[in-house]
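So the chains spell out like this:
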Amino acid sequence: MIARRQFITLLGGAAAAWPAAARAQQPLMPVVGFLNGQSAQAFAPVVASFRRGLNEAGYVEGQNIAIEYRWAEGRLDRLLPLAADLVRRQVAVIAATGGNNSALVAKTTTSTIPIVFTSSDNPVERGLVASINRPGGNVTGVSWFDAELGPKRLGLLHELVPNVTIVALLINPNNPESVRQPAELQEAVRAIGLQLVVLTATSAGDIEAAFMAMVQNRVGALLVGSDPFFLNQREQIVALAAQHAIPTIAGREVAGANGLMSYGSSLADAYRRAGIHTARILKGAKPSDLPVDQATKFELIINLKTAKALGLNIPPSLLARADEVIE
């Protein structure tokens, strides 16, 4: 009887120990650090796109991958401690999103953890990578060169309202990508014969003040500069443009469903591709050998309902070139 009881006890102990041993042998779930200079609420749609890219490559959050989110809430001074925290946690990859600032800060905090950036600017000129095809180092990512589309957007705006002589450009002075945009527009402004008024904003109050300045300066149209902060404030910008009857063009996501006109590539698709890039690194690809993924499709979207509210007639030639017309 004693021997039988001992046997049962030993068998039960072995059965209990086996799952623990099996769990110990299973590989740990990889952790991706998601760093962004803005807010979780504003970027929720593109975060979903990032996860969709991971899903397409076989990674599902909570099942075989974990994501640690770090949001700076528009305070760029918070990026460094947030990035340093991800480095201390030894995440497998840092997805540095929401503009070049996140990527540049992440790059200063680690030279070993792979970094996947999302950038609306030229990543070579910003010092993120050595070249598009051979990034080198521990950094690669996705770029859609949105910051370089200013002259094209200005031309579309002029075609829409050809009698306007004063155009405003709204930029974020805290973002190096935005600061360069006025200089890049000067040649186009001179060629068309327009007067350019450059206005800056780093807060919701600044945006209100910028629109008041537009009214005082008799600005006839607005070009919203490329900046993650303006994505964060897109509803405010669209509402104020409607309130003051100022025809506006912006990037696709800033214009949103109620914006008059937008031109650019899909931010959601860029984040999806960033998710795919991240998955490639998790599967063993080296960032130094992974070319920067570049946007190749740029779309013109026109909202006829907003145009009607502003009393604008869209030229047929412009409508014919639109990739999407919202009625």
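Heads up: the structure comes first, above all this text.
Scope of this entry: the structure provided in the associated data block.

Among the secondary structure elements, Asn122 is positioned in the loop between strand S4 (115-119) and strand S5 (139-143). Looking at Asn122, its side chain comes within polar contact range of the main-chain nitrogen of Val124, at 2.9 Å. Within polar-contact distance, the side chain of Asn122 engages the backbone nitrogen of Glu125 at 3.3 Å. Not counting residues within four places of it along the chain, the set of residues in contact with Asn122 comprises Phe145 and Glu148.

Strand order in this open sheet of seven strands is S7-S6-S8-S9-S10-S12-S13, and the pairing throughout is mixed. Looking at which strands have only one partner, the edges of the open sheet turn out to be strand S7 (195-200) and strand S13 (324-326). On average, adjacent strands in this sheet sit at an angle of 20° to one another, irrespective of strand direction. In terms of strand pairing, strand S12 (residues 299-303) meets S13 through three bridges, oriented parallel. By the bridge assignment, Ile301 is partnered in S13 with Glu324. Here helix H8 (residues 204-216) sits on the sheet and contacts strand S6 (166-171), S7 and strand S8 (221-224); the angle it forms with S7, its principal contact strand, is near 155°.

The next point concerns the packing of aromatic side chains. For any pair of aromatic rings, geometry is given as the distance between the ring centres together with the angle between the planes. Evaluation of the coordinates by the stated rule reveals eight aromatic pairs. Relative to Trp71, the ring of Phe34 lies with its centre 5.7 Å away and its plane at 50°, an arrangement referred to as tilted. Of this pair, Phe34 sits in strand S1 (residues 31-36) while Trp71 sits in strand S2 (residues 66-71); the two residues are 37 residues apart in sequence, bridging distant segments of the chain. The pair Phe34 / Trp71 is uniform in exposure class, with both members buried. Seen from their ring centres, Phe229 and Phe230 are 5.5 Å apart, and the 50° between their planes marks the pair as tilted. Neither residue differs from the other here; Phe229 and Phe230 are each classed as buried. Put simply, the rings of Phe34, Phe43, Phe50, Tyr69, Trp71 and Tyr271 pair up and form one aromatic cluster. A cation over a ring is seen here: Lys152 above Tyr263, with NZ or CZ 5.7 Å from the ring centre.

Under the counting rule described, the total for this entry stands at 16 salt bridges. Of the charged contacts, one joins Arg70 and Glu68 as a salt bridge, the two residues approaching to 3.1 Å between their closest N and O atoms. Between Arg75 and Asp77 there is a salt bridge whose closest N-O contact spans 3.4 Å. Of the residues examined, Arg75 reaches a relative accessible area of 46% and is grouped as partly exposed.

Bringing the sheet that holds strand S3 (residues 93-97) into the picture now. Spatially, S2-S1-S3-S4-S5-S11 is the arrangement adopted by the six strands of the open sheet, whose pairing is parallel. Each having just a single partner strand, S2 and strand S11 (293-294) make up the two edges of the open sheet. Sheet topology note: the S1/S2 ladder contains six bridges and is parallel. Residue pairing for S2: Leu35 is matched across the bridge by Arg70. Helix H2 (residues 44-56) rests against S1, S2 and S3 of the sheet, and its axis sits at about 155° to S2.

Parameters at a glance
- Residues numbered from 1 in each chain as written.
- Predicted model: local features only at pLDDT ≥ 70, side-chain atom pairs only at ≥ 80, totals over all residues.
- Heavy atoms only, no water.
- Helix = DSSP H or I, 4+ residues; strand = E, 2+ residues; numbered from the N terminus.
- Polar contact = N/O pair within 3.5 Å; in protein donor to acceptor, adjacent residues only side chain to side chain.
- Contact = heavy atoms within 4.5 Å.
- Pairing = 2+ DSSP bridges.
- Axes fitted to C-alpha atoms, helices over the stretch in contact; angles between N-to-C directions.
- Phe/Tyr/Trp six-rings, centres within 6.5 Å; stacked < 30°, edge-to-face > 60°.
- Buried < 20%, exposed > 50% of the residue type's maximum accessible area, 1.4 Å probe, protein only.
- Lys NZ or Arg CZ within 6 Å of the ring centre and 35° of its normal.
- Salt bridge = Lys/Arg side-chain N within 4 Å of Asp/Glu carboxyl O.

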